[in-house]
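Observations on chain architecture
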Amino acid sequence: MGMFDWTARPMGVIAQGGVIAPDERLPWPQTAVMGVQHVIAMFGATVLAPLLMGFDPNVAILMSGVGTLIFFIVTGGRVPSYLGSSFAFIGVVIAATGYAGKGLNPNIGVALGGIIACGVLYALIGAVVHAIGTGWIERFMPPVVTGSVVAVIGLNLAGIPIKNMAQSGFDAWMQALTFLSVALVAVFARGMLQRLLILVGLILASVLYAVLTNGLGLGKPLDLSGVASAAWFGMPNFAAPAFSGQAMLLIAPVAVILVAENLGHIKAVTAMTGRNLDVYMGRAFIGDGVATALSGSVGGTGVTTYAENIGVMAATRIYSTAVFLVAALIALVLGFSPKFGAVIQAIPLPVMGGVSIVVFGLIAAAGARIWVDAKVDFSDNRNLMVAAITLVLGTGDFTLRFGQFALGGIGTATFGAILLWALFGRSRPSAATAAAGDAPVR
């Protein structure tokens with residue numbers, strides 16, 4: 001068997017356990033459809049992050065595809081992950097550029113220089129991990145820390161769809177109908193329909209929205225005029241970086257958050273698939289770092305392995321890396337398509353918000369699953385305190401300021417979890433913790 005094995009495995013694998021492992025392959029038509037679902041799963045956050053920072057969303061989509069291809073190549077096609085816009089950059093980019101929150105960021109170049117510095121630092125960390133292993137990282141970030149950080153990302157993002165994507169009472173009800181549609185598909189559908197729960201739920205909710213608004217006049221009508229007038233192909237707004245020492249010092253430390261995210265994601269996929277992916281950890285860091293630096297060099301956001309897509313994998317139980325190859329190629333093409341951007345813009349905001357509620361919730365649940373699968377012992381007060389404080393720091397968006405530097409909720413939660421474990425971890429573990437809570441994920 002070569003590095004890349006594209007043969008379709010017997011479909012009995014699904015019938016027996018329902019899990020398609022990273023090195024296993026579905027038939028290509030199903031792989032393509034699953035790739036579309038992963039594009040949809042990543043799209044909301046991948047587009048929202050650049051909008052919040054004043055970046056071009058089409059560049060972000062394009063570079064998410066390029067970054068995922070880089071990640072696929074560097075990891076040898078063994079680690080199932082999609083690379084999308086990282087929310088960890090939002091606070092530091094706004095602080096470094098003074099972005100006012102509307103339109104394109106006039107100081108985008110300064111932010112891009114910092115993103116490149118972050119990507120280089122991240123790749124260097126990956127090279128060290130690849131050379132000497134992950135033991136030193138795992139001592140600082142055991143399952144209780146990584147699970148907390150992954151859960152915090154979903155909880156920290158929860159306010160976005162609830163506060164910013166429901167502008168009226170009707171919109172709030174539409175969000176509820178949307179996540180209910182997705183949940184009904186997840187629980188009651190069977191076979192491939194169930195595996196496409198995000199895509200099917202989104203379509204059902206959009207049709208329902210059109211009936212309620214265009215048909216019954218209950219809300220803002222679905223407007224497809226922009227889709228008809230948009231060009232099929234066009235260049236996104238690329239931008240050049242500018243290197244500022246202050247901005248680089250502000251943004252580069254985000255690499256630590258990305259390490260924690262990626263580590264937690266790989267641990268989660270390892271737990272869900274039963275495949276030991278730790279041996280690819282260094283490659284994963286390098287691939288993510290190179291992708292982040294390259295994205296910053298052309299006007300894109302920093303990227304990270306996406307928990308949104310891990311949430312989809314958890315729901316569908318399909319971990320085949322070929323799915324992400326397809327998703328990357330789709331994003332690559334769509335990045336050059338203004339018409340695609342118009343289609344996405346036409347998706348009603350409350351529908352996208354309802355889907356985001358599901359996806360962000362799946363992220364938080366993935367963090368909890370790390371605890372469960374690693375048998376983290378919460379009767380040990382070390383674990384309890386690390387998890388409890390981390391969750392509230394991230395969910396409440398606790399911010400610390402050091403002069404011009406502001407460390408937002410995800411950052412304070414990430415560093416807080418690491419520092420708390422370093423502080424409390426010196427105490428002697430209980431027998432239960434030694435046997436279960438600190439056991440490596442198999």
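Residues numbered from 1 in each chain as written. Predicted model: local features only at pLDDT ≥ 70, side-chain atom pairs only at ≥ 80, totals over all residues. Heavy atoms only, no water.

Section: the pattern of salt bridges
Selection rule: We define a salt bridge as a side-chain nitrogen of Lys or Arg found within 4 Å of a carboxyl oxygen belonging to Asp or Glu. Burial here depends on accessible area, computed with a 1.4 Å probe over protein chains only, as a share of the maximum for the residue type. Under 20% is buried, over 50% is exposed, and the range in between is partly exposed.
For the coordinates displayed, the defined rule picks out 3 salt bridges. We note a salt bridge from R382 to D380, for which the minimum N-O separation is 3.3 Å. With respect to burial, R382 and D380 carry one shared label: buried.

Considering the side chain of T178
Heads up, the rule is: Numbering of helices and strands runs from the N terminus; a helix is a DSSP stretch of H or I covering at least four residues, while a strand is a stretch of E covering at least two. Think of a polar contact as two N or O atoms within 3.5 Å of one another; within protein, one of them needs to be a possible hydrogen donor and the other a possible acceptor, and neighboring residues in sequence only count if both atoms come from side chains. For this analysis, residues touch if any pair of their heavy atoms sits within 4.5 Å.
The topology assignment puts T178 in helix 9 (residues 169-188). Reaching out from T178, the side chain makes a polar contact with the backbone oxygen of M174 at a distance of 2.8 Å. If we skip the residues at most four places from it in the chain, T178 touches A205, P350, V351, G354 and V355.

Quick word on the side chain of D56
The test is simple: The sign given to each residue is positive for Lys and Arg and negative for Asp and Glu; His and the chain ends receive no count.
Here D56 is to be found in the loop between helix 2 (28-53) and helix 3 (57-74). In this structure, D56 is buried with no salt-bridge partner, the nearest side chain bearing the opposite charge being K339 at 17 Å. At 2.7 Å, the side chain of D56 forms a polar contact with the backbone nitrogen of N237. Beyond its immediate sequence surroundings of up to four residues, D56 is in contact with P50, L104, P236 and N237.

Some thoughts on the packing of helix 7 (residues 143-157) against helix 19 (residues 349-373)
Spelled out, the test is: Only the stretch in contact is used when fitting a helix axis, every axis being a line fitted to C-alpha atoms; angles between N-to-C directions are given from 0 to 180 degrees. Put simply, angles under 35 degrees are roughly parallel, angles over 145 are roughly antiparallel, angles from 65 to 115 are roughly perpendicular, and the rest are oblique. Each helix crossing is assigned a hand: it is left-handed if the near helix lies turned anticlockwise from the far helix by less than a right angle, otherwise right-handed if that turn is clockwise.
At a closest axis distance of 7 Å, the pairing of helix 7 and helix 19 adopts a crossing angle of 170°. When the axes of helix 7 and helix 19 are compared, the pair comes out roughly antiparallel. For helix 7 against helix 19, the interelement crossing comes out left-handed. Here P143, V144, T146, G147, S148, V150, A151, I153, G154, L155 and L157 of helix 7 come into contact with helix 19, specifically with F360, I363, A364, A366, G367, I370 and W371.

Quick word on a nonpolar patch on the surface
Selection rule: Two joining distances apply to patches: 9 Å for like charges and 5 Å for nonpolar side chains (Val, Leu, Ile, Met, Phe, Trp, Tyr), and every residue must have over 30% relative accessible area and no salt bridge. A 1.4 Å probe and the Shrake-Rupley method give the accessible areas. Residues count as covered only by the protein chains that appear here.
Side chains of L177, F179, L180, L184, V187, F188 and L208 sit close together on the surface and give an oily, nonpolar patch of about 610 Å² of accessible area. Sorting elements by how many residues they give to the nonpolar patch places helix 9 first, with 6 residues. Residue L184 is classed as partly exposed on the basis of its relative accessible area of 41%.

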